[in-house]
Amino acid sequence: MVWFDEAMDPGMQALLARGGWELDDPRPVAAAHPETFELPSAADLAALVPGSPVRALFRLATIADAARDARTPYDDQGHPVLVPHVERMWAVVTAVDDDAVECLLDNQPYATHTSLTLFDRLRIPLTHLIATGTPRPDLAEHLAFVARMAEQDERPAAQDTPVDPHAAPRVRGDQQGVCERAGVRAEPAWPFGAALLARDVTPEVAMLHGARFPPNPERRDTGWVFFAGDGDFEEVAATVGFDVVMLQQASQAHPAIWPRSVLPPGWGFSVGDGVDDLYPVEITD
């Protein structure tokens with residue numbers, strides 16, 4: 001049994017009761033923004049076959065992000081502050097009928113409070129598709145892989161299992177491990193929020209440093225700064241320089257970034273040359 005706070009928004013209660021997710025109808029968005037939001041054509045939909053990739057809008061329950069939502073991720077009691085958030089995710093079609101596609105989710109949601117996960121089986125109305133693609137030729141191999149993964153899946157929850165609003169945020173295993181090492185609660189940063197990335201950061205750098213300062217909602221800034229080498233922030237800023245990038249882009253610059261991106265503001269890390277340290281950082285005005 002999942003219990004909801006009386007003060008919780010009824011819409012969020014309903015979303016959590018359905019597993020923390022629902023499909024979002026894209027037609028009102030397309031009608032309001034016809035020049036920038038184009039839905040698949042009738043010909044695109046008619047061409048769908050098993051193996052076709054399709055994309056849809058999913059409304060998901062997730063922990064608040066200070067940069068995106070201008071709200072703290074935890075309340076005074078230490079409970080997650082939950083907000084609805086829309087993600088665009090891909091799925092692989094396994095069957096098509098007159099008004100919908102049966103498919104397998106092909107993305108892992110970023111959202112922290114949803115039972116929906118990679119490879120879940122879905123039925124998506126054709127009216128709710130926002131994009132289609134070229135059929136993948138390896139559908140049989142992909143289905144066999146999904147079947148093997150399902151045999152190893154020990155999750156007790158299905159995609160429609162109600163979600164506990166007080167549960168800790170669902171993050172990747174390596175991210176949870178980082179938080180446990182530091183003894184802190186996970187505060188997942190919005191992947192599309194801004195971060196500062198030194199221009200010389202590559203996967204090959206000998207030493208990588210990161211520090212998270214208080215997020216800035218006005219700039220949609222996650223607070224993260226990443227740089228390489230032995231110099232401090234001021235020296236790197238004056239010599240190498242920084243670029244403002246999305247956190248998702250920064251995580252592609254070095255494999256150590258994404259696992260540590262859930263550390264809360266006031267924390268930093270150094271990794272490389274046999275070093276793997278997590279530590280509080282001093283925050284000054």
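The structure displayed is predicted, hence computed values, not measured ones. (Residues numbered from 1 in each chain as written. Predicted model: local features only at pLDDT ≥ 70, side-chain atom pairs only at ≥ 80, totals over all residues. Heavy atoms only, no water.)

**Quick word on the sheet that holds strand β11 (residues 267-272)**
Next, step 1: Pairing is mixed across the open sheet formed by six strands, whose spatial order is β10-β7-β9-β8-β11-β12. Edge positions in the open sheet fall to β10 (242-246) and β12 (275-280), since each of these has one partner strand only. Sheet twist, expressed as the average angle between the axes of neighbouring strands with direction ignored, equals 15°.
Next, step 2: Across six bridges, the pairing between β11 and β12 is antiparallel. In the sheet register, Trp267 faces β12, and the bridge partner there is Pro280. (Pairing = 2+ DSSP bridges. Helix = DSSP H or I, 4+ residues; strand = E, 2+ residues; numbered from the N terminus. Axes fitted to C-alpha atoms, helices over the stretch in contact; angles between N-to-C directions.)

**Remarks on helix α1 (residues 10-17)**
Think of an α-helix as turning once every 3.6 residues; residues three or four places apart then point the same way.
Next, step 1: Listed as buried for α1 are Met12, Leu15 and Leu16. One side of α1 carries all its buried residues, which in axial view fall inside an arc of 95°.
Next, step 2: On its buried side, α1 packs onto β1 (21-24), β2 (53-63) and β3 (82-96).
Next, step 3: Backbone nitrogen of Gly11 and a side-chain oxygen of the N-cap are separated by 3.0 Å at the start of α1; the cap is Asp9.
Next, step 4: Of the residues trailing α1, Gly19 is marked for its positive phi of about 105°. (Buried < 20%, exposed > 50% of the residue type's maximum accessible area, 1.4 Å probe, protein only. Arc of directions from axis to C-beta. Contact = heavy atoms within 4.5 Å. Polar contact = N/O pair within 3.5 Å; in protein donor to acceptor, adjacent residues only side chain to side chain.)

**Observations concerning the nonpolar core**
Most often, soluble globular proteins have nonpolar side chains that are buried together.
Next, step 1: In terms of nonpolar packing, the biggest core is built from 33 residues, with Leu197, Leu208, Trp224, Phe226 and Leu263 touching the most fellow members.
Next, step 2: Those elements that provide at least two residues to this core are α6 (173-182), β7 (194-198), β9 (221-228), β10, α8 (247-253), α9 (257-260) and β11.
Next, step 3: For this core, the element with the most residues is β9, which contributes five residues.
Next, step 4: Apart from residues no more than four positions distant in its own chain, Leu263 is found in contact with Val178, Ala182, Val184, Glu187, Arg212, Trp224, Gly268 and Leu278. (Core = buried A, V, L, I, M, F, W, Y, C linked by side-chain atoms within 4.5 Å.)

**Looking at the packing of aromatic side chains**
Next, step 1: Scanning the entire structure with this criterion turns up nine aromatic pairs.
Next, step 2: Here the aromatic cluster, defined as three or more aromatic residues joined through ring pairs, consists of Tyr110, Trp190, Phe192 and Trp258.
Next, step 3: One cation-aromatic arrangement involves Arg185 over Tyr74; the distance from NZ or CZ to the ring centre is 3.9 Å.
Next, step 4: Across from the ring centre of Phe269, 5.7 Å away, lies the NZ or CZ of Arg260, which sits over that ring. (Phe/Tyr/Trp six-rings, centres within 6.5 Å; stacked < 30°, edge-to-face > 60°. Lys NZ or Arg CZ within 6 Å of the ring centre and 35° of its normal.)

Purely geometric stuff here, so don't read any function into it on its own.
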